[in-house]
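# Chains, contacts and geometry: an overview
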Amino acid sequence: MRELFYEQLQQGCCPRDLALAFALGATLGIMPLVWGTSLICIIIASCLRINQVVIQGANYLMYPLQIILFFPYLIWGERLFATHLLPANHTQLLEQIRSMPFVFLGQFWQSNVQGLVVWLILSPAIFALLFGGVVLLLKKFHPLATQ
């Protein structure tokens, strides 16, 4: 078990791989899901053989931003698909949860899928900006950048 931990810690330590792990973790970390980004990061890092610590660290760093962006993604998704699934204010939202919980869950699920579509549209640009920025920073400051 210890060997596996050290292998994961040292895997993908060149600047490009570190930038890839950070950019993927941060991009996945702002996905509008209430679960699962950590598991998705584990699977992607294992498949791509990139640093698990960096991808999970970036994912966790994005958690406050994920919370902040969660409802804007849902709103943008409703605008993109020209739907109006969720109530406009928190009072109506709470009332719908109390009076019609299954209707609310269905509408919330559909709204969440629409928010994920918005994230899918934006994520390539977010990833590219993060990856490019981190590569530049690491090439300037990382001790292994010349290798």
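Residues numbered from 1 in each chain as written. Predicted model: local features only at pLDDT ≥ 70, side-chain atom pairs only at ≥ 80, totals over all residues. Heavy atoms only, no water.

## Focus on a nonpolar patch on the surface
Quick note on the threshold: Grouping into patches uses exposed residues only, defined as over 30% relative accessible area, and leaves out salt-bridged ones; the cut-off is 9 Å for like charges and 5 Å for nonpolar side chains (Val, Leu, Ile, Met, Phe, Trp, Tyr). Surface accessibility follows the Shrake-Rupley procedure with a 1.4 Å probe radius. Residue values consider only the protein chains on display as shielding. What makes a salt bridge here is a side-chain nitrogen of Lys or Arg within 4 Å of a carboxyl oxygen of Asp or Glu, nothing more. Elements are defined by DSSP. Helices are runs of H or I of four residues or more, strands are runs of E of two residues or more, and each kind is numbered from the N terminus.
Together, Phe71, Ile75, Trp76, Leu80, Phe81, Ile121 and Leu122 make up an exposed nonpolar region whose accessible area comes to about 660 Å². Put simply, the parts of the chain that give the nonpolar patch at least two residues each are helix H5 (63–80) and helix H7 (101–141). In terms of residue count, the dominant contributor to the nonpolar patch is H5 (4 residues). Structurally, Leu122 is set in helix H7.

## With respect to the packing of aromatic side chains
Rules: Any pair of Phe, Tyr and Trp rings, taking the six-membered ring for Trp, is counted once the centres come within 6.5 Å. Such a pair is stacked with planes under 30 degrees apart, edge-to-face with planes over 60 apart, and tilted for the rest. Exposure is judged per residue with a 1.4 Å probe applied to protein chains only, and the accessible area is read against the type maximum: over 50% gives exposed, under 20% gives buried, and values in between give partly exposed.
Under the criterion given, the structure shown has 5 aromatic pairs. Arranged with centres 5.3 Å apart and planes meeting at 90°, the rings of Phe70 and Phe71 form a pair that is edge-to-face. With centroids separated by 5.8 Å and ring planes inclined at 85°, the aromatic side chains of Tyr73 and Trp76 adopt a geometry described as edge-to-face. Within this pair, Tyr73 and its partner Trp76 are both found in helix H5, separated by 3 residues, close to a single helical turn. The class of Trp76 is partly exposed, set by a relative accessible area of 37%.

## Quick look at the pattern of salt bridges
Per the stated rule, a full pass over the model turns up 2 salt bridges. When the shortest N-O distance is used, the salt bridge between Arg16 and Asp17 registers 3.4 Å. The closest approach of N and O atoms between Glu95 and Arg98, which form a salt bridge, is 3.8 Å. In this pair, Glu95 and Arg98 both sit in helix H6 (residues 90–99), 3 residues apart, roughly one turn of the helix. Given the relative accessible area of 44%, Glu95 is considered partly exposed. Exposure remark for Arg98: the relative accessible area of 62% places this residue in the exposed category.

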